[in-house]
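# Structural description and commentary
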Amino acid sequence: MKKQTKKGAAASLDERRIQQVFQALAAAPRRAILQHLAASGLTAGEISSRFEMAKPSVSQHLSILETAGLISREKRGQFVHYALMRDTLDKVLVGFVEELGAAGSETPPPAKTKPARPVGTANAKPRKVAEIETENAEAETGEAKAKPAPAQMSMF
């Protein structure tokens, strides 16, 4: 077996931490929790009251964020208080951006592309601007022409 050096072990720990941070940031509820904690520290109950999900689910998200080092947890009496650890987040994200800058120091020339056509307009007939504006106004006000309702089906 190959023996790991201290430098190699530290590098793998840093890499593991970076992986944990990005994995934690991958879920929208966890990013929302970080946004709430950026404003101020909150208790677990205060955090869970801001989401429409079960408390065990919020607890799982908090655990993942804590394992990644993005939040700290402090027990005060019967409440658990959470706070954002900005230094960890800043260190990982800035390090990643610097890594990208070092790897991609040569910027490729911008690609020449045609302007995209809106979906479904490949075979569409040209319409007058007034027709389009009328349709948009009807859609905004809800005064569109009533579409016929489908006939009710009966089993008998």
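This text follows the structure it describes.
Presented here is a report on the structure given in the accompanying data block. (Residues numbered from 1 in each chain as written. Predicted model: local features only at pLDDT ≥ 70, side-chain atom pairs only at ≥ 80, totals over all residues. Heavy atoms only, no water.)

A tally of regular secondary structure across the chain gives six helices and three strands. Secondary structure of the chain in N-to-C order comes out as α-α-β-α-α-β-β-α-α. Relative to all contacts within the chain whose residues are 6 or more apart in sequence, the contacts with residues 24 or more apart total 51%. Looking at the chain as shown, the accessible area adds up to about 13,200 Å², and 57% of this sits on carbon and sulfur atoms. (Helix = DSSP H or I, 4+ residues; strand = E, 2+ residues; numbered from the N terminus. Contact = heavy atoms within 4.5 Å. Areas by Shrake-Rupley, 256 points an atom, 1.4 Å probe, with all protein chains shown as cover.)

Overall, antiparallel pairing links the three strands, which are arranged β1-β3-β2 in an open sheet. Two strands close off the open sheet at either side, each with one partner strand: β1 (42-43) and β2 (71-76). Sheet contacts for helix α2 (residues 28-39): β1, β2 and β3 (79-84); angle to β3, the most-contacted strand, approximately 90°. (Pairing = 2+ DSSP bridges. Axes fitted to C-alpha atoms, helices over the stretch in contact; angles between N-to-C directions.)

Attention now goes to the packing of α2 against helix α4 (residues 55-67). How two helices sit against one another is set out by the angle between their axes and by the gap between those axes. Running from N to C, α2 and α4 cross one another at 75°; their axes reach a closest spacing of 10 Å. Taken together, α2 and α4 sit at an angle that is classed as roughly perpendicular. Only His61, Leu62, Ile64 and Leu65 of α4 make contact with α2, whose side of the interface consists of Pro29, Arg30, Ile33 and Leu34. Broken down by class, the residue content of the contact of α2 with α4 amounts to six nonpolar, one polar and one charged. (Parallel < 35°, antiparallel > 145°, perpendicular 65-115°, else oblique. Nonpolar A, V, L, I, M, F, W, Y, C, P; charged D, E, K, R; others polar.)

Further remarks concern the pairing of β2. Sheet analysis places β2 next to β3, joined by six bridges and oriented antiparallel. Along β3, the bridge assignment pairs Lys75 with Val80.

We describe a pair of aromatic rings using the distance from one ring centre to the other and the angle between the two ring planes. If you walk through the whole model with that rule in mind, you get one aromatic pair. Where Phe22 meets Phe96, the ring centres are 5.1 Å apart and the plane angle is 65°; that geometry is what we call edge-to-face. Placement of the pair is Phe22 in helix α1 (residues 6-25) and Phe96 in helix α5 (residues 86-103), with a sequence separation of 74 residues. Residue classification places Phe96 among the partly exposed residues on the basis of a relative accessible area of 35%. (Phe/Tyr/Trp six-rings, centres within 6.5 Å; stacked < 30°, edge-to-face > 60°. Buried < 20%, exposed > 50% of the residue type's maximum accessible area, 1.4 Å probe, protein only.)

Its location among the elements puts Thr43 in strand β1. Residue classification places Thr43 among the buried positions, given a relative accessible area of 10%.

Before going further, it helps to spend a moment on the environment of Pro29. Considering the arrangement of structural elements, one finds Pro29 in helix α2. In sequence terms Pro29 and Leu62 are 33 residues apart; their C-alpha atoms lie 9.9 Å from each other. Residues within four places of Pro29 in sequence aside, it is in contact with Phe51, Met53 and His61.

All right, on to the nonpolar core then. Nonpolar side chains in soluble globular proteins tend to end up buried together. Residues Leu37, Ile47 and Leu70 are the most contacted members of the largest nonpolar core, which totals 21 residues. For this core, the secondary-structure elements that each account for two or more residues are α1, α2, α4, β3 and α5. The element best represented in this core is α2, accounting for four residues. For Leu37, the residues in contact, after removing those within four places along its chain, are Leu42, Ile47, Ile71, Tyr82, Ala83 and Leu84. (Core = buried A, V, L, I, M, F, W, Y, C linked by side-chain atoms within 4.5 Å.)

Keep in mind that these numbers describe shape and distance, not what the molecule does.
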